[in-house]
Amino acid sequence: MLIIETERLILRPFREGDAADLFAYLRAPTAPCFLSLKLADLAEAEIEVGKRALDEGRVAICLKGTGQVIGDLFGGAGEDEEDETASVGWNLNPRFGGQGYAFEAARALLDHLFRAKGFRRLYAYVEDHNKPSRRLCEKLGMRLEGVFVEFVSFTKDAAGNPIYENTMQYAILRREWETLGGCPRDQVRS
Ligand SMILES: CC(C)(COP(=O)(O)OP(=O)(O)OC[C@H]1O[C@@H](n2cnc3c(N)ncnc32)[C@H](O)[C@@H]1OP(=O)(O)O)[C@@H](O)C(=O)NCCC(=O)NCCS
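The following refers to the structure shown. (Residues numbered from 1 in each chain as written. Predicted model: local features only at pLDDT ≥ 70, side-chain atom pairs only at ≥ 80, totals over all residues.)

**Description of the environment of Glu-16**
For Glu-16, the location among the structural elements is in the loop between strand E2 (9–12) and helix H1 (19–26). Owing to 9 C-beta atoms within 10 Å, Glu-16 belongs among the exposed residues under this scheme. (Helix = DSSP H or I, 4+ residues; strand = E, 2+ residues; numbered from the N terminus. Buried ≥ 20, exposed ≤ 12 C-beta atoms within 10 Å, placed from the backbone.)

And the structure:
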């Protein structure tokens, strides 16, 4: 993936040295879908960074000023791609939430996937109780396509039974992105 610069952020591949920043938010993930990625210690974070560095679909979100990795995005690489379609996702260190960073980063990623990588359709899975992520999808212009009831389980109850989540699917087509105006070109350089 190219390096993408937005007003306040740099989006770039993961690289050696990112483990401490990744561990800072994956030591205690706030969304159920990331519980399986909970990292026990810095050594695990280093292994995870090593894997991500080889995966062009994993993107580190860095603050322009300090270079700190404050979250990550995925999309545009992997086995889910067919019919020019890809899934996208995001995970922000909660210390940096509520400042528009996730929107700024995700908007740039969608723009890159549509315009530079040529994807036709992008979609995201979001659990129904995850209001910040649903709102982000909506701000990006993604349409709610449906709800998969008791679709997936990330956790178990005290008795060991799976707790199933209702998963919403949001999507947007390239032609919709273009009609909406996508990402203003003066805010993204890649
Ligand atoms: C989902 C997630 C990425 C959303 O992050 P976020 O910081 O709430 O999202 P945004 O970047 O859109 O910022 C939200 C708020 O910042 C505010 N904000 C403050 N300064 C801003 C600025 N300069 N520019 C834009 N917005 C700004 C906005 O008002 C916005 O609130 P609004 O949507 O009510 O208008 C984050 O909650 C997260 O990582 N959650 C855990 C992981 C997760 O759930 N991932 C998705 C799994 S499906």
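**Re the pairing of strand E6 (residues 121–127)**
Only one face of E6 is buried: it carries Leu-122, Ala-124 and Val-126, and the other face, with Arg-121, Tyr-123, Tyr-125 and Glu-127, is open. As judged from the 3 bridges shared by strand E5 (residues 85–92) and E6, these two strands associate in the parallel manner. Within E6, the residue paired with Thr-85 across the bridge is Arg-121. In terms of handedness, the path from E5 via helix H3 (residues 101–116) over to E6 forms a crossover that is right-handed. Two strands pair when backbone bridges link them, and E6 and strand E8 (residues 162–173) are joined in this way by 7 bridges, in the antiparallel orientation. Paired with Ala-124 across the bridge in E8 is Tyr-170. (Pairing = 2+ DSSP bridges. Right-handed = clockwise from strand over helix to strand, strands pointing away.)

**A word on helix H2 (residues 42–53)**
Here H2 spans 16 Å end to end across 12 residues, near enough to the 16 Å set by a 1.5 Å rise per residue. All buried positions along H2 are accounted for by Ala-45, Val-49 and Arg-52. Buried residues along H2 cover an arc of 65 degrees about the axis, so they all sit on one side. Exposed and oriented more than 90 degrees from the buried face of H2 are Ala-43, Ile-47 and Lys-51. (Expected span 1.5 Å × (residues − 1). Arc of directions from axis to C-beta.)

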